[in-house]
Amino acid sequence: ERLGSFLCSLVEGLICTTWLLISPPFPDYDIQTEPGKMILMCNEGSIVAFYSVIGYMGLLSAFSFIVAFLARRLPDSFNEAQLITFSMLVFCSVWVSFIPAY
């Protein structure tokens, strides 16, 4: 259990470290959208790396939700599984709403 959590965190750390070493995000200025105004934006650097991080986190959250959903019918000594299921449902719904908003 702890080894799995450690490995998942290690993989995410490696993905993020690789992204930051190869092509880190940087401030970008947009002066063409509104004449006379300078808009400061965050340029993600590598789009592939950015979506790899987002996709991996989404994959982990979906997997956690499925495991929590399957564990919700365990005996009462595991009653926190229902709360974890609700928590993961909220987390996944935030992810689903983030994708089109971004």
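Since this is a predicted model, take the numbers as computed values, not measurements.

What counts and what doesn't
Sequence order as written defines the numbering, with residues in each chain counted from 1. Where local features are concerned, this predicted model is filtered to residues with pLDDT of at least 70; where side-chain atom pairs are given and counted, the filter is 80 or more; whole-chain, interface and lining totals use all residues. The basis for the side-chain values is all heavy atoms of the structure; hydrogens and waters are excluded. To form a nonpolar core, buried Ala, Val, Leu, Ile, Met, Phe, Trp, Tyr and Cys residues must be joined to one another through side-chain atoms within 4.5 Å. Under the scheme applied here, a residue whose accessible area is under 20% of the maximum for its type counts as buried, over 50% as exposed, and between as partly exposed, the area being computed with a 1.4 Å probe on protein chains only. To qualify as a helix, a DSSP run of H or I must reach at least 4 residues; to qualify as a strand, a run of E must reach at least 2; elements of each kind are numbered from the N terminus. Patches here are clusters of residues that have more than 30% relative accessible area and form no salt bridge, with a 9 Å joining cutoff for like charges and a 5 Å cutoff for nonpolar side chains (Val, Leu, Ile, Met, Phe, Trp, Tyr). Surface accessibility follows the Shrake-Rupley procedure with a 1.4 Å probe radius. Residue values consider only the protein chains on display as shielding. What counts as a salt bridge is simple: a side-chain nitrogen of Lys or Arg found within 4 Å of a carboxyl oxygen of Asp or Glu.

So, about the nonpolar core. Counting five residues, the largest nonpolar core consists of Trp 19, Ala 49, Phe 50, Val 53 and Ile 54. Of the residues forming this core, the biggest block, four residues, is contributed by helix α2 (residues 47-70).

With that settled, the discussion passes to a nonpolar patch on the surface. A contiguous nonpolar patch, built from Leu 3, Phe 6, Leu 7, Leu 10 and Leu 14 and spanning about 510 Å² of accessible area, is present on the exposed surface. Judged by its relative accessible area of 58%, Leu 3 is exposed.

Once that is clear, we can look at the pattern of salt bridges. For the coordinates displayed, the defined rule picks out one salt bridge. Between Lys 37 and Glu 34 there is a salt bridge, with its nearest N and O atoms 3.7 Å apart. A relative accessible area of 53% means that Lys 37 is categorised as exposed.

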